[in-house]
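Chain by chain, the residues:
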Amino acid sequence: MDLLAEIQNKLPALAAYGAVDGVQAVVRHITTAERWLQRARSERDDDLFNDVIYRTNQAFEGMLKEAYAILAESSGQHMTPHAIEKHMVQNSVLTARVKELFTNYRQQWRNPSTHDHRMVFNDQEAFLAIVSVSAFANILIDQMLETASSRKEASEVEKRKTELARGLSNSAELPLVDRIVSALTLFAKEPQEENNEGQMREVELLGRLTGFMSIALPSVQFEREVAIDGQKGLRVDLVAREAGTNVVLELKRSSR
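Worth saying up front: this structure is predicted, and the values here are computed from it rather than measured.

Undergrad: Tell me about the overall build of the protein, residues and numbers included.
TA: Secondary structure assignment for the protein yields 9 helices and 3 strands. Secondary structure elements of the protein, listed N to C terminal, follow the sequence α-α-α-α-α-α-α-α-α-β-β-β. Overall size of the protein, expressed as C-alpha extent along the three principal axes, is 70 × 40 × 40 Å. For the protein, the residues scored as buried account for 43% of the 256 residues in total. For the protein, long-range pairs separated by at least 24 residues make up 62% of all intrachain contacts whose partners lie at least 6 apart in sequence. Of the roughly 14300 Å² of accessible surface on the protein, 48% is carried by carbon and sulfur atoms. Measuring between centres, the 31 positive side-chain charges of the protein sit 1 Å from its 37 negative side-chain charges.

Undergrad: Give a description of the sheet that holds strand β2 (residues 235-242) that names residues and reports values.
TA: Ordered in space as β1-β2-β3, the 3 strands form an open sheet in which the pairing is antiparallel. Across the chains shown, the open sheet's two edge strands, defined by having one partner strand only, are β1 (221-227) and β3 (245-249). Taken over all neighbouring pairs, the strand axes of this sheet differ in orientation by 35° on average, direction set aside. Relative to β3, β2 is paired through 5 bridges, and the arrangement is antiparallel. Along β3, the bridge assignment pairs E242 with T245.

Undergrad: Quick rundown of the packing of aromatic side chains? Include the residues and the values.
TA: In the structure shown here, the tally under the stated rule is 6 aromatic pairs. Pairing F60 with F136 gives two aromatic rings, centres 5.2 Å apart and planes at 40°, and the pair type is tilted. Here F60, found in helix α3 (residues 48-71), pairs with F136, found in helix α6 (residues 123-158); they are 76 residues apart in sequence, far enough to count as distant. Residue classification places F60 among the buried positions, given a relative accessible area of 0%. One aromatic cluster is present, built from ring pairs that chain together F60, F102, Y105, W109 and F136.

Undergrad: For the packing of α6 against helix α9 (residues 202-216), give the residues involved together with the corresponding values.
TA: Where α6 contacts α9, the two axes come as close as 7 Å, and the packing angle between them is 35°. For the element pair α6 and α9, the recorded crossing hand is right-handed. Residue-level contacts link D142, L145, E146, S149, S150, E153, A154, V157 and E158 of α6 to V203, E204, L206, G207, R208, T210, G211, F212, S214 and I215 of α9. The class makeup of the residues in the contact of α6 with α9 is 7 nonpolar, 6 polar and 6 charged.

Undergrad: Which residues make up the packing of helix α1 (residues 3-15) against α6, and what are the values?
TA: To describe two helices that pack against each other, one gives the angle between their axes and the distance between the axes. Packing of α1 against α6 leaves a shortest axis separation of 10 Å and a crossing angle of 20°. When the axis of α1 is compared with that of α6, the two are roughly parallel. Crossing of α1 against α6: the hand is left-handed. Note on element contacts: α6 touches α1 through V131, S134, A135, A137, N138, I141, D142, M144 and L145, opposite L3, E6, I7, K10, A13 and L14. Here the contact of α1 with α6 is built from residues that sort into 10 nonpolar, 2 polar and 3 charged.

Undergrad: Give a description of α9 that names residues and reports values.
TA: Under the 1.5 Å per step criterion, the end-to-end length of α9 is 21 Å for 15 residues, consistent within 8% with the ideal 21 Å. Counting buried positions along α9 yields 13 of 15 residues, so the element is predominantly enclosed.

Undergrad: Which residues make up the nonpolar core, and what values go with them?
TA: With 47 residues, the main nonpolar core has L14, M63, M88, L140 and M144 as its most contacted residues. Those elements giving two or more residues to this core turn out to be α1, α2 (20-43), α3, α4 (81-90), α5 (96-115) and α6. In terms of residues, this core owes the most to one element, α3, which gives 12 residues. If we ignore the near neighbours within four places in the chain, the residues touching M63 are V23, V26, F136, A137, L140, I141 and M144. Counting residues in hydrophobic clusters, the runner-up holds 24 residues, among them L164, M213, A216 and V247.

Undergrad: Pulling in residues and values, what's your account of the environment of R35?
TA: Within the secondary structure layout, R35 lies in helix α2. Overall, R35 belongs to the exposed group, its relative accessible area being 53%. When the C-alpha atoms of R35 and V52 are compared, they prove to be 8.3 Å apart, with 17 residues separating the residues in sequence.

Procedures and definitions
- Residues numbered from 1 in each chain as written.
- Predicted model: local features only at pLDDT ≥ 70, side-chain atom pairs only at ≥ 80, totals over all residues.
- Heavy atoms only, no water.
- Helix = DSSP H or I, 4+ residues; strand = E, 2+ residues; numbered from the N terminus.
- Buried < 20%, exposed > 50% of the residue type's maximum accessible area, 1.4 Å probe, protein only.
- Contact = heavy atoms within 4.5 Å.
- Areas by Shrake-Rupley, 256 points an atom, 1.4 Å probe, with all protein chains shown as cover.
- Lys, Arg positive; Asp, Glu negative; His and termini not counted.
- Charge placed at Lys NZ, Arg CZ, Asp CG, Glu CD.
- Pairing = 2+ DSSP bridges.
- Axes fitted to C-alpha atoms, helices over the stretch in contact; angles between N-to-C directions.
- Phe/Tyr/Trp six-rings, centres within 6.5 Å; stacked < 30°, edge-to-face > 60°.
- Left-handed = near helix turned anticlockwise from the far one by under 90°.
- Nonpolar A, V, L, I, M, F, W, Y, C, P; charged D, E, K, R; others polar.
- Parallel < 35°, antiparallel > 145°, perpendicular 65-115°, else oblique.
- Expected span 1.5 Å × (residues − 1).
- Core = buried A, V, L, I, M, F, W, Y, C linked by side-chain atoms within 4.5 Å.

In structure tokens:
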């Protein structure tokens, strides 16, 4: 799998939210890191493996800044990378999957290379740094797309929430699961974007769904990527919670 190609394939969707230039800069840093890796190997110069890490560090910090602009709705231009990292950790901004990749890269590569000037990396470590930061960028972009599409949908639906409330009035006194089904039925009738649902990325569709439901059912709390107790690594897309009742929503896509 070409991880850089995965990132580049997501750029058109990201363009709608104004984060393309910064992510393209991240791609350039990763591409340069790959060149340093090849040069270190061909010239048999182990010192150049450190240059790979310096470039992946720039990609790592660049992705955090780009993500911060969308996830925290702030440019973060005058914040240090450390301040951005601290904000994301303390405020639980990152999803569980992204946080795992974030923690891994920061502990294995960024911190050692930043704080220990005697640190020397080898071929395998340089290779893993490229793979790790590329995976981190890919998964973080998914979270950025989901968050941005959710906010956009919620903003658009907010303008006609009175009309939406009328459409749900007949189910207002029903159990939570029935109200969710009624809301989902209305969501299916929502105007489609220029890309139809068959082309829209799943994270964008899930973002739109979350944004819609937050306006349609304002008394309900929606939580993403909820871990299932006793099932390591298994998470559900969305859980709706209200007054001690939980309803699971799992997004599935047909071949069409």
